[in-house]
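Coordinate analysis (summary)
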Amino acid sequence: MKDSVLILSIESSCDETAAAVVENGRNVLSNVISSQIEIHKQFGGVVPEVASRKHIENINDVVSEALINANVSCEQLDAVAVTYGPGLVGALLVGVNFAKGLSYAWNKPLIGVNHIEGHISANYIENKNLEPPFICMVASGGHTHLVYVKNYGEYEILGKTRDDAAGEAFDKIARAIGLGYPGGPLIDEISKRGNKDAIKFPRVIIDDDTLDFSFSGLKSAVLNYIHNSEQKNEKIVIEDVAASFQEAVVDVLVLKTIEAAQIKNCHTITLAGGVASNSRLRERIMDECIRLNYKFTKPSPILCTDNAAMIGCAGYYKYLNKQFADSSLNAMPNLELTE
Ligand code: KG4
Ligand code: ZN
């Protein structure tokens, strides 16, 4: 086994075209992210067809930049890793086909990576001593999963959302109170000036012994509050609505995460996915972990939202297990973590 394994990784599952070069899974030599947020903003959300076209336009430059920034040539690479699901099928196909082309042309092994596994693996990058087992709360625009990471590549899903993902709820409420897209960071920001106790929104705890989530009831409660206030001509303080909504989401995420740690008797907690960059969630989970004397690690915000470094990290552990894909690798929009 070589001392240094260099993986070029590619991510294009949603609205970020990203490429990175990662050494030995945890040392990020470059991490290029070309975001399409400015383009999708005008539509209030990601338009799949537009996303695919933009990935096609950007991917060559993004991959070249990743190699240049890392000062690594294609000959030096050991493998090419790529997200093959879950995500938008047209968007995924751009990355998958590009990676397949590179793997064939450069004669390097190809590795297919699950996007959620990538998000979880982002925790290894800055926390060099982190090793499984641990609990990971994965909350993004499309997914909310409470995962027990038993070993590298071995996962048990303890709970997931039965309706909206946490990030989706942030985005929908942001739109309802007139903020732009993506809503999560904007709600996070204005909540700092709001009163989290101003409005008592429901904390939906599903009452049947599961660690599943549900955010659609909370979303409806916030929308009803806004409509009722408008009908009564009452002024809505959007900072208070944002802070009270955010607190309701965070309360549930924190409660279920701690419950999962207790059930599994596993006292290391991590966060992943775009919502993991939420400042209130990070603060609250950290406070709980200090109180309970649990270990807590989280990726920097830039490694919580979509990026390719996390795919290179997950890809490294597949490389070690020789889990290579062949040219039949296809985009799988509904790929499950435990498939
Ligand atoms: O992981 P990600 O970049 O893409 C998906 O895989 O979905 O997550 C994007 C989601 C969006 O819904 C966005 O609003 C949310 O993460 N998000 C946040 C924050 N930053 C991003 N939600 C709450 N607070 C934030 N600071
Ligand atoms: Zn993601």
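Residues numbered from 1 in each chain as written. Chains lettered and ligands numbered in written order. Predicted model: local features only at pLDDT ≥ 70, side-chain atom pairs only at ≥ 80, totals over all residues. Heavy atoms only, no water.

1. Let's talk about the overall build of the chain
Looking only at helices and strands, the chain has 11 helices and 10 strands in total. C-alpha extents for the chain along the principal axes are approximately 65 × 45 × 30 Å. Considering only intrachain contacts with a sequence separation of at least 6, the fraction spanning at least 24 residues in the chain is 72%. Carbon and sulfur atoms make up 48% of the accessible area of the chain, which amounts to about 14600 Å² in all. Across the chain, the centroid of the 31 positively charged side chains sits 2 Å from that of the 42 negatively charged ones. (Helix = DSSP H or I, 4+ residues; strand = E, 2+ residues; numbered from the N terminus. Contact = heavy atoms within 4.5 Å. Areas by Shrake-Rupley, 256 points an atom, 1.4 Å probe, with all protein chains shown as cover. Lys, Arg positive; Asp, Glu negative; His and termini not counted. Charge placed at Lys NZ, Arg CZ, Asp CG, Glu CD.)

2. Details of the site of ligand 1
In the vicinity of ligand 1 lie 21 residues, with Gly141, Asp171, Gly184, Asp188 and Gly274 positioned nearest. Interatomic distance of 3.2 Å between a backbone N/O atom of glycine 167 and an oxygen atom of ligand 1. In the environment of ligand 1, a nitrogen atom lies 3.2 Å from a nitrogen or oxygen atom belonging to the side chain of serine 277. A total of 550 Å² of accessible area belongs to ligand 1 in isolation, and the protein chains cover 89% of it. Take the shell around ligand 1: its biggest share by element is four residues, from helix α6 (residues 183–191). (Near = heavy atom within 4 Å. Polar contact = N/O pair within 3.5 Å; in protein donor to acceptor, adjacent residues only side chain to side chain.)

3. Considerations on the packing of helix α7 (residues 216–231) against helix α8 (residues 238–264)
Running from N to C, α7 and α8 cross one another at 165°; their axes reach a closest spacing of 11 Å. In terms of orientation, α7 lies roughly antiparallel with respect to α8. By crossing handedness, the relation of α7 to α8 is classed as right-handed. For the pair formed by α7 and α8, the contact residues are Leu218, Val222 and Tyr225 on the first element and Val241, Phe245, Ala248 and Val249 on the second. For the contact of α7 with α8, the class distribution of residues is seven nonpolar, no polar and no charged. (Axes fitted to C-alpha atoms, helices over the stretch in contact; angles between N-to-C directions. Parallel < 35°, antiparallel > 145°, perpendicular 65-115°, else oblique. Left-handed = near helix turned anticlockwise from the far one by under 90°. Nonpolar A, V, L, I, M, F, W, Y, C, P; charged D, E, K, R; others polar.)

4. So, the coordination of the zinc ion (ligand 2)
Taken together, His115 (NE2), His119 (NE2) and Asp306 (OD) make up the full set of protein donors to the zinc ion (ligand 2), lying 2.0 to 2.1 Å away. Within one chain, the residues serving as donors to the zinc ion (ligand 2) are arranged as H-x3-H-x186-D. Here histidine 115 and its partner histidine 119 are both found in helix α4 (residues 115–126), four residues apart, which amounts to about one turn of the helix. We classify histidine 119 as buried; its relative accessible area is 1%. (Donors = N, O, S within 2.8 Å, 3.2 Å for Na, K, Ca; no water. Buried < 20%, exposed > 50% of the residue type's maximum accessible area, 1.4 Å probe, protein only.)

5. With respect to the environment of aspartate 78
Position of aspartate 78 relative to the elements: it lies in the loop between α2 (48–70) and β4 (79–85). Using a relative accessible area of 10% as the deciding quantity, one classes aspartate 78 as buried. Aspartate 78 sits 97 residues away from arginine 175 along the chain, and the two C-alpha atoms are 44 Å apart. Each residue touching aspartate 78, except ones within four places of it in the same chain, is listed here: Lys2, Ser4, Val5, Leu6, Lys108, Pro109 and Tyr319. For aspartate 78, the side chain forms a polar contact with the main-chain nitrogen of leucine 6, separated by 2.7 Å.

6. Comments concerning the domain arrangement of the chain
Splitting the chain by domain gives domain 1 (6–120 + 304–320) and domain 2 (132–300). With 15 residues of domain 1 at the interface, the matching set in domain 2 holds 20 residues. The largest contributions to the domain 1 side of the interface with domain 2 come from Ile116, Ile120 and Cys304, which together make up 43% of the buried area. At the surface where domain 1 touches domain 2, the tally comes to five residue pairs in polar contact (both at pLDDT 80 or more). Among the secondary structure elements, those contributing two or more residues to the side of domain 1 that touches domain 2 are α1 (37–41) and α4. (Domains from an automatic or database assignment. Buried area = accessible area lost by both parts, 1.4 Å probe.)

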